Every structure is written in C-alpha cells, then in structure tokens.
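Each chain, letter by letter, is given below.
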Amino acid sequence: MSRLDLFINRMVSQRACLNHAAALTADMPGPVYELGLGNGRTYHHMVEIMPDRDIYVFERAIASHPDSTPPDDMVLLGDVYETLPAALKRFGPTARLIHADLGGHNLAKNDAFARQLSPVIEPLLASGGLMVASDRMYFETLSEIDLPPDAVPGRCFIYRAP
Ligand code: SAM
C-alpha cells in the first residue's frame, strides 16, 4: 500500500471515528480533549461536530492553521506527560471524549509511546466515555469497540471506559 493510501485511510478513519464517537457520547456531559493539535485539522472538525462542547487541546508547541487555533484558555501547553496529570487534578475523571493523534512516521516509536501513555490517559475518562486513537492503545479497564463501517480497520481505534 502506498504512503498516499495510508495517509488517506488515516484521514478517512479519523473523521469516521470522531463522527461516530461524538454521536455515541452526545448525551453525556463533560469536556472533550484533543491530544496533539498539529495543523489543527482534527481539532477543526471536532469544533464543527461538537460546537457546544468545551474542547481542551493538549500540545507542546502551537503551530496550527490560524483557522484551527484554539483560544489560549482552552490550551494545555506542554508535554502530555505533565499536562494530562494536571488535567486529572483540575477536572477529575470527567472527559466525555478524548482524541489522540500524537504519533509521527515511526510506527515502533508510536507503539512505545502508546504503551507508556495509556495509563496516563485511562483515568481521565468519565464512565462510558470514549477514546479515539490513531494508534493501538494498551488500557487495563477500557474495552475496544467496533469501528463505524466507513473507518479502515487498523488506522483508528475506539475504546470505551467502563
Ligand atoms: N491531528 C492533527 C491534525 O489533524 O492536524 C495532527 C497531530 S500531529 C500528527 C501530532 C502532534 O502531537 C504534533 O503537533 C506534536 O507536537 C504533538 N505531540 C507529540 N508528542 C507530544 C507530547 N509528548 N506532548 C504534547 N504534544 C505532543
């Protein structure tokens, strides 16, 4: 499969999984977290599909498109290993939906990062909350749920908190 195919599959799957997770959690209270702002494409989509939600963005350096840059008070700037535990202290286990797209091109590195980060993310979700990830995660209590039909298996993952 070409890199272009892989990229397209990732984009299509991110959109499909975010739409699906937003619909499944529509009746839940609580904030939404975007881990990894990057260019801001997925953040922009999340704002579009969840306009009434508080969407907090976790990023170590803002470099997004001007149209996709969150307000300063919605950014937790710094390394997620520091900002996620700080968010747990501030908000408790209240997140309705967490989306993570923190990885780069090195799959082994992404996998190691996902293993290390999973226990840091796990306590942030409210009961029934969903996590959408571009990499396979390694949670103890969250279970993987089925992808929507328009997502490509292996390019996106959805987990639900008990
Ligand atoms: N989903 C984004 C979009 O649609 O434009 C792309 C995200 S990009 C692939 C990954 C982002 O995660 C980068 O901007 C990078 O700075 C951020 N990131 C990676 N590791 C991080 C860490 N440990 N703490 C905070 N941000 C991190």
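Only a predicted model underlies this, so the values are computations on that prediction, with no experimental measurement involved.

Each value, and the rule that gives it
Every chain begins its residue count from 1, and numbering advances along the sequence as written. Local features in this predicted model are restricted to residues of pLDDT 70 or higher, and side-chain atom pairs are both shown and tallied only at a pLDDT of 80 or more, whereas totals for entire chains, interfaces and linings draw on every residue. The way it works is that DSSP assigns letters per residue, a run of H or I at least four long becomes a helix, a run of E at least two long becomes a strand, and they are numbered from the N terminus. Expected helix span is given by 1.5 Å per residue-to-residue step, counting one fewer step than there are residues. Any residue surrounded by 20 or more other C-beta atoms within 10 Å of its C-beta is treated as buried, while 12 or fewer makes it exposed and the intermediate range makes it partly exposed; C-beta atoms here are placed from the backbone. The arc in question is formed by the directions pointing from the helix axis toward the C-beta atoms. By definition, residues are in contact whenever their C-beta atoms, placed on the basis of the backbone, come within 7 Å of each other. Should the C-beta atom of a residue, placed from the backbone, lie within 6 Å of a molecule or strand, that residue is near it. Residue type decides the class: Asp, Glu, Lys and Arg count as charged, Ala, Val, Leu, Ile, Met, Phe, Trp, Tyr, Cys and Pro as nonpolar, and the leftover types, Gly among them, as polar.

Chemist: What is the right way to read helix H3 (residues 80-91) from this model?
Modeler: With 12 residues, H3 extends 15 Å from end C-alpha to end C-alpha; this agrees with the ideal 16 Å at 1.5 Å per step. Along H3, the positions that sit buried rather than exposed are Val80, Thr83 and Leu84. Along the axis of H3, the buried residues cluster in a sector spanning 100 degrees; they form a single face. Among the exposed residues of H3, those pointing more than 90 degrees away from its buried face are Tyr81 and Lys89. Buried residues belonging to H3 abut strand S1 (32-35), strand S2 (55-59), strand S3 (75-77) and helix H4 (107-121). Trailing H3 by a residue or two, glycine 92 shows a phi angle of about 70 degrees, which is positive.

Chemist: Just to check I follow, could you spell out the site of the ligand for this structure?
Modeler: Residues in contact with the ligand amount to 15 residues; listed here are only the nearest, Gly36, Gly38, Asn39, Arg41 and Asp101. Broken down by secondary-structure element, the contributors of at least two residues to the shell around the ligand are helix H2 (41-49) and S2. Class assignment for the residues of the shell around the ligand results in 5 nonpolar, 5 polar and 5 charged.

Everything listed here is a matter of coordinates, which is why it stays silent on function.
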